[in-house]
Structure formats: C-alpha cells, structure tokens
Amino acid sequence: MNRARHLPDAAATEQFGRTLARELVPPLVIYLRGDLGAGKTTLVRGLLRGLGVTGACKSPTYTLVEPYEVAGMQVFHFDLYRLQSPEELDFVGLRDYVDQEAICLFEWPDRAPGMLPVADLTLWLEPRDGGRGLSVGAHTAAGTDLLRRLQGAGRDAGA
C-alpha cells in the first residue's frame, strides 16, 4: 500500500510529522529515505514535537542514535549517514534498541544492508516543485494499519 503527496515547505513537512505522531502505536520501525536536504530530519522533528518533545530535536549524525522517552513510549532516532561500517550498529547496541516496544526511526537505512529490522513504513522525500514530494509505503500489517489511520486522520495528513 503506497500513498504520495506534495509538501510545499518545511512547515508542511513538520506538520506531516506531527500528524504521523498522533497515529503511532509501538513497536514500529520507520525508514526515512531521501537525499541530503530532502527533509528527513525536518519530518522527524515534527514527529517528535507531535509526541510532546519540547527540547532540542537534533539529528544524531555523529552519535548514530538519539533516544527520547515521551508520551509513555521510547523513540529512537537513528541517522546512519556517517556510518562507516554496518557492524558499528552492533557497537552501539542496535539489537537492544529494536528489541524494545519502541518507535525506531532510521534515516539512511541503505547504509546498513541486512542489519536493520524490516520497516513497517517507509517515507521517501525528494525535492519537488519548490517543496518536497512525499511517498509513504507500508510493508507490514502494522504499517498498513498506520497508513489507514493516517488516511482517517484527515486528507491533510498526506498519506
């Protein structure tokens, strides 16, 4: 199941993240794909704000993972852009993170082939028409359920 839409600016990208946050039910694995500057971290920031994070929402580019405990759930934001070797994920304890009842967000999942859990949902972002194109694909029953909830959340949800 796939859906696509146009996000005209960074504010719309953050708003989609907030809308997505309201529909999350852990455990869940979400991949974020797109080139540098496509809006992956902006979308994650909106998602975290939607869950109630009020502090800094920084990209874990150098630390690989940024943990959050919010709204009664664990959220782990991974940024694998600077990953030198997929085995580095063993060093940071990837299995410990994904074995929890958590939301795991992976930017640049293609940097760790064969090391990551299967995505429930994939978000593809690309520059388009002065904004961003967003495609959402569900790969599991949990992802399909999430995509349906997004659609039910209102047509402005973008799914």
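Before reading further, recall that the structure is shown in the block above.
For the structure given in this document, a descriptive report is provided here. (Residues numbered from 1 in each chain as written. Predicted model: local features only at pLDDT ≥ 70, side-chain atom pairs only at ≥ 80, totals over all residues. Heavy atoms only, no water.)

**Brief notes about the sheet that holds strand 6 (residues 121–128)**
Note on sheets: strands pair through backbone hydrogen bonds, and any given pair is parallel or antiparallel. One open sheet accounts for 7 strands, arranged 1-7-6-2-5-4-3; its pairing is mixed. Strands with a single pairing partner mark the edges of an open sheet, and in this sheet they are strand 1 (2–7) and strand 3 (65–70). On average, each strand axis in the sheet is inclined to that of its neighbour by 15°, with strand direction left out of account. Alignment of strand 4 (residues 73–79) against strand 5 (residues 102–107), held across 6 bridges, turns out to be parallel. Across the sheet, the residue bridging to His77 is Leu105, located in strand 5. Set on the sheet, helix 2 (residues 40–51) makes contact with strand 2 (28–33), strand 3, strand 4, strand 5, strand 6 and strand 7 (131–138); between it and strand 5 the angle comes to about 160°. (Pairing = 2+ DSSP bridges. Helix = DSSP H or I, 4+ residues; strand = E, 2+ residues; numbered from the N terminus. Axes fitted to C-alpha atoms, helices over the stretch in contact; angles between N-to-C directions. Contact = heavy atoms within 4.5 Å.)

**Examining helix 1 (residues 10–22)**
When the terminal C-alpha atoms of helix 1 are compared, their 19 Å separation across 13 residues agrees well with the 18 Å that a helix rising 1.5 Å per residue should span. Buried residues along helix 1 sit in contact with strand 1, strand 2, helix 2, strand 6, strand 7 and helix 5 (141–152). For helix 1, the N-terminal capping position is held by Asp9, with its side-chain oxygen 3.3 Å away from the main-chain nitrogen of Ala11. (Expected span 1.5 Å × (residues − 1). Polar contact = N/O pair within 3.5 Å; in protein donor to acceptor, adjacent residues only side chain to side chain.)

**Quick notes on the environment of Val65**
Its location among the elements puts Val65 in strand 3. Judged by its relative accessible area of 9%, Val65 is buried. Between the alpha carbons of Val65 and Leu7 there is a distance of 26 Å; along the sequence they are 58 residues apart. (Buried < 20%, exposed > 50% of the residue type's maximum accessible area, 1.4 Å probe, protein only.)

**As for the side chain of Asp79**
Mapped onto the elements, Asp79 comes out in strand 4. Within the buried set, Asp79 has no salt-bridge partner at all; the shortest N-O distance to an opposite charge, 7.3 Å, is to Lys40. There is a polar contact of 3.0 Å between the side chain of Asp79 and the backbone nitrogen of Tyr81. (Lys, Arg positive; Asp, Glu negative; His and termini not counted. Salt bridge = Lys/Arg side-chain N within 4 Å of Asp/Glu carboxyl O.)

**Overview of the packing of aromatic side chains**
In this structure the tally under the stated criterion is 5 aromatic pairs. Plain terms: the ring middles of Tyr31 and Phe106 are 6.1 Å apart, the flat faces sit at 90° to each other, and that makes the pair edge-to-face. With Tyr31 in strand 2 and Phe106 in strand 5, this residue pair connects regions lying 75 residues apart in the sequence. An angle of 65° between the planes, with centres 4.6 Å apart, marks the rings of Phe76 and Tyr97 as edge-to-face. Separated by 21 residues along the polypeptide, Phe76 in strand 4 and Tyr97 in helix 4 (residues 94–98) bring together distant segments of the chain. What links up through ring pairs into an aromatic cluster is the set Tyr31, Phe76, Phe78, Tyr97 and Phe106. Directly above the aromatic system of Trp108 lies the positively charged group of Arg111, at a separation of 5.1 Å from the ring centroid. (Phe/Tyr/Trp six-rings, centres within 6.5 Å; stacked < 30°, edge-to-face > 60°. Lys NZ or Arg CZ within 6 Å of the ring centre and 35° of its normal.)

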